[in-house]
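What follows is the residue order along each chain.
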Amino acid sequence: MNMIPDFKSIATKSPWIYRINAGSCNGCDVEMATTALIPRYDIERLGCQYCGSPRHADIVLISGPLTTKVMQAALVVFNEIPDPKVTVAVGVCPISGGIFRESYSVKAPIDQYFPVDVNVPGCPPRPQAIIEGVAKAIEIWRERM
Amino acid sequence: MNFLQLFAHNLTQGPFTDPFPFQPAPTAKRFRGKIEFDPETCEGCRKCEKVCPAGAIRFTKTDKGLEFDCWHDSCVFCGNCEFHCPTNAIHQTQDWHLAHVQQDKYSMVAHGVIPSHECPSCGKPALFTAAPANKVKGFSEAEIAEFRALCPKCRGKYLRDRKSR
Ligand code: SF4
Ligand code: SF4
Ligand code: SF4
C-alpha cells in the first residue's frame, strides 16, 4: 500500500517537457530551445528535459497563435500527452494573439481550445522568463500528481 | 579549446550557467519590459493607442475621466508607444517578471486615470491632462499650472490672450 506515496515522491522529481509549435514565427521556439539546450540557461537544473514523444511529456509548452491549418494537428498531439499535464503558453501569441490578433487565419487565444495553466508573455519572452514559467508549472504539476 | 583548458577555465571562473532562478538574473540597462504609465505627465493625445501594433493600449472615457489600460498579455514590447509619446508619460521598465498563472490573465494590466474636473474658467467638464510642452514654452510654473487646469477651448483663449498681452 505504501508503494503509492513512494512512487509519488520519486515521480514528482523530474517533469519532462514537450513543445508544440502552433504556428509560431519561430521567435519563441528559438528562446525555448535556448532555455533548455544551452548551458547558459540550463533548465535541466530544475529536472526538466525535452522529450521526443508527446506520450512521455509532463509539461507542454505551446507557442504560436494557433493557425487554422495547424489546429487539428496540435489538438491531436496535445491529447496524446498523458494526464496530469500542465500547459504553458509561451509568448503573447497563444495568450491573446499578440501581433496576429483578429487575423482571419488564427484561432488565438488558445485557452478556448486548450486548458492553459501558466502564461509567459513576451515577444519572445527572455529565457529567464520561460524558466520562471516552467518553475510555476512544476509547482502546479506537483500539486496535481 | 581542449578539455584541459576548459577544465582549468571552469575551475577558476566557475560555470557559464546563469545563476537564475536561484539568484537574480542580469538585465540590460535598456531592456524593454513591462509598461509603466504616468497620468500626471500624459497629455491625452492618444498617440500611443494609435501606434501600438498589437492593440494593447486602450483609452476609455468614464465618469472618472480618461482611463488608460495596457494589457501585457497582448503587448509585444516593441517600444513604439514610448518612442512616439511626446512627454515620456509612457515608458518601458526593466521588469520582465511577467509569467503568471491563468487566473491572473486579465489582471496583467498597467492602469492609470487622467481625472476629469471642472474648467475653472467656463465650468464645463474637462480632462486634467498635462500641458503640451511645445505650447507652454517660456511659461512660468504658475502659468503652467493655470493653463493645465483649463479645458481645451479656454486653453486656446488663454494662449491668444497671453500673446496679445
Ligand atoms: S510571441 Fe512574438 S516571438 Fe513568439 S511566436 Fe508570437 S510573434 Fe513570434
Ligand atoms: S501616454 Fe504619451 S502618447 Fe499616450 S496619450 Fe499620453 S502623452 Fe499621448
Ligand atoms: S511596447 Fe509596443 S505593443 Fe507594447 S504597448 Fe507599446 S506600442 Fe503597444
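How each quantity is defined
- Residues numbered from 1 in each chain as written.
- Chains lettered and ligands numbered in written order.
- Predicted model: local features only at pLDDT ≥ 70, side-chain atom pairs only at ≥ 80, totals over all residues.
- Heavy atoms only, no water.
- Contact = heavy atoms within 4.5 Å.
- Salt bridge = Lys/Arg side-chain N within 4 Å of Asp/Glu carboxyl O.
- Polar contact = N/O pair within 3.5 Å; in protein donor to acceptor, adjacent residues only side chain to side chain.
- Nonpolar A, V, L, I, M, F, W, Y, C, P; charged D, E, K, R; others polar.
- Pairing = 2+ DSSP bridges.
- Helix = DSSP H or I, 4+ residues; strand = E, 2+ residues; numbered from the N terminus.
- Near = heavy atom within 4 Å.
- Phe/Tyr/Trp six-rings, centres within 6.5 Å; stacked < 30°, edge-to-face > 60°.
- Buried < 20%, exposed > 50% of the residue type's maximum accessible area, 1.4 Å probe, protein only.
- Lys NZ or Arg CZ within 6 Å of the ring centre and 35° of its normal.
- Axes fitted to C-alpha atoms, helices over the stretch in contact; angles between N-to-C directions.
- Parallel < 35°, antiparallel > 145°, perpendicular 65-115°, else oblique.
- Patch = residues over 30% accessible without salt bridge, like charges linked within 9 Å, V, L, I, M, F, W, Y side chains within 5 Å.
- Areas by Shrake-Rupley, 256 points an atom, 1.4 Å probe, with all protein chains shown as cover.
- Expected span 1.5 Å × (residues − 1).

A look at the interface of chain B and chain A
- Listed per partner, the contact involves 30 residues of chain B and 30 residues of chain A.
- At the surface where chain B touches chain A, the tally comes to 2 salt bridges.
- Between aspartate 18 of chain B and arginine 40 of chain A there is a salt bridge, with the nearest N and O atoms lying 3.8 Å from each other.
- Our count for the contact surface shared by chain B and chain A stands at 18 residue pairs in polar contact (both at pLDDT 80 or more).
- Classifying every residue of the side of chain B that touches chain A gives 19 nonpolar, 8 polar and 3 charged.
- Where strand E5 (residues 118-120) of chain A meets strand E5 (residues 100-101) of chain B, 2 bridges bridge the pair, whose relative direction is antiparallel.

Examining the site of ligand 1
- Around ligand 1, the structure places Ser24, Cys25, Gly27, Cys28, Gly91, Val92, Cys93, Phe100, Gly122, Cys123 and Pro124 of chain A.
- For the shell around ligand 1, the elements supplying multiple residues, two or more each, are helix H2 (27-37) and helix H4 (92-96) of chain A.

Overview of the packing of aromatic side chains
- A full pass over the atoms with the stated rule returns 9 aromatic pairs over all chains.
- Residues phenylalanine 20 of chain B and tryptophan 96 of chain B carry aromatic rings whose centres are separated by 5.4 Å and whose planes lie at 70° to one another, so their mutual orientation is edge-to-face. Residue phenylalanine 20 of chain B is found in the loop between helix H1 (3-13) and strand E1 (35-37), and its partner tryptophan 96 of chain B is found in the loop between strand E4 (90-92) and E5; the two are separated by 76 residues along the sequence. Of the two residues examined, phenylalanine 20 of chain B and tryptophan 96 of chain B, each falls in the buried class.
- Note on phenylalanine 139 of chain B and phenylalanine 147 of chain B: the rings are 6.0 Å apart at their centroids and 80° apart in plane angle, and the pair reads as edge-to-face.
- Note on phenylalanine 139 of chain B: relative accessible area 12%, which makes it buried.
- For the cation-ring pair, lysine 85 of chain A lies above phenylalanine 78 of chain A, with the distance from its terminal atom to the ring centre recorded as 4.4 Å.
- Directly above the ring of phenylalanine 128 of chain B sits arginine 148 of chain B, whose terminal nitrogen or CZ lies 4.3 Å from the centroid.

Some remarks on the packing of H2 of chain A against helix H5 (residues 127-144) of chain A
All names here are of chain A.
- For the pair H2 and H5, interaxial distance at closest approach is 9 Å and the crossing angle is 75°. As far as their axial angle goes, H5 and H2 are roughly perpendicular. Facing H2, whose interface residues are Glu31, Met32, Thr34 and Thr35, H5 presents Pro127, Ile130 and Ile131.
- Its residues assigned to classes, the contact of H2 with H5 comprises 4 nonpolar, 2 polar and 1 charged.

A look at a nonpolar patch on the surface
- A cluster of nonpolar residues, Phe3, Leu4, Phe7 and Leu11 of chain B, forms a patch on the protein surface that exposes about 500 Å² of accessible area.
- Here phenylalanine 7 of chain B is to be found in helix H1.

Considering unusual backbone geometry
- Residue proline 124 of chain A is bonded to the preceding cysteine 123 of chain A through a cis peptide linkage, with omega at -10°.
- That bond from phenylalanine 20 of chain B to proline 21 of chain B is cis: its omega, 5°, falls within 30 degrees of zero.
- By the secondary structure assignment, proline 21 of chain B is in the loop between H1 and E1.
- Of note, the phi angle at aspartate 42 of chain A is positive, near 40°, even though the residue is not glycine.

A closer look at H5 of chain A
- Counted at 1.5 Å a residue, the expected span for H5 of chain A with its 18 residues is 26 Å, and the 25 Å between its end C-alpha atoms agrees.
- By the burial criterion, the buried members of H5 of chain A are Pro127, Gln128, Ala129, Ile130, Ile131, Glu132, Gly133, Val134, Ala137, Ile138, Ile140 and Trp141 of chain A.

Observations concerning the sheet that holds strand E2 (residues 49-50) of chain A
- One open sheet accounts for 6 strands, arranged E2(A)-E1(A)-E3(A)-E4(A)-E5(A)-E5(B); its pairing is mixed. Only two strands of the sheet have a single partner each, and these edge strands are E2 of chain A together with E5 of chain B.
- Alignment of strand E3 (residues 59-63) of chain A against strand E4 (residues 86-90) of chain A, held across 5 bridges, turns out to be parallel. Each residue of the ladder has a partner; that of serine 63 of chain A, found in E4 of chain A, is valine 90 of chain A.
- Across the sheet, H5 of chain A lies against E3, E4 and E5 of chain A together with E5 of chain B, angled at about 175° from E5 of chain A, the strand it touches most.

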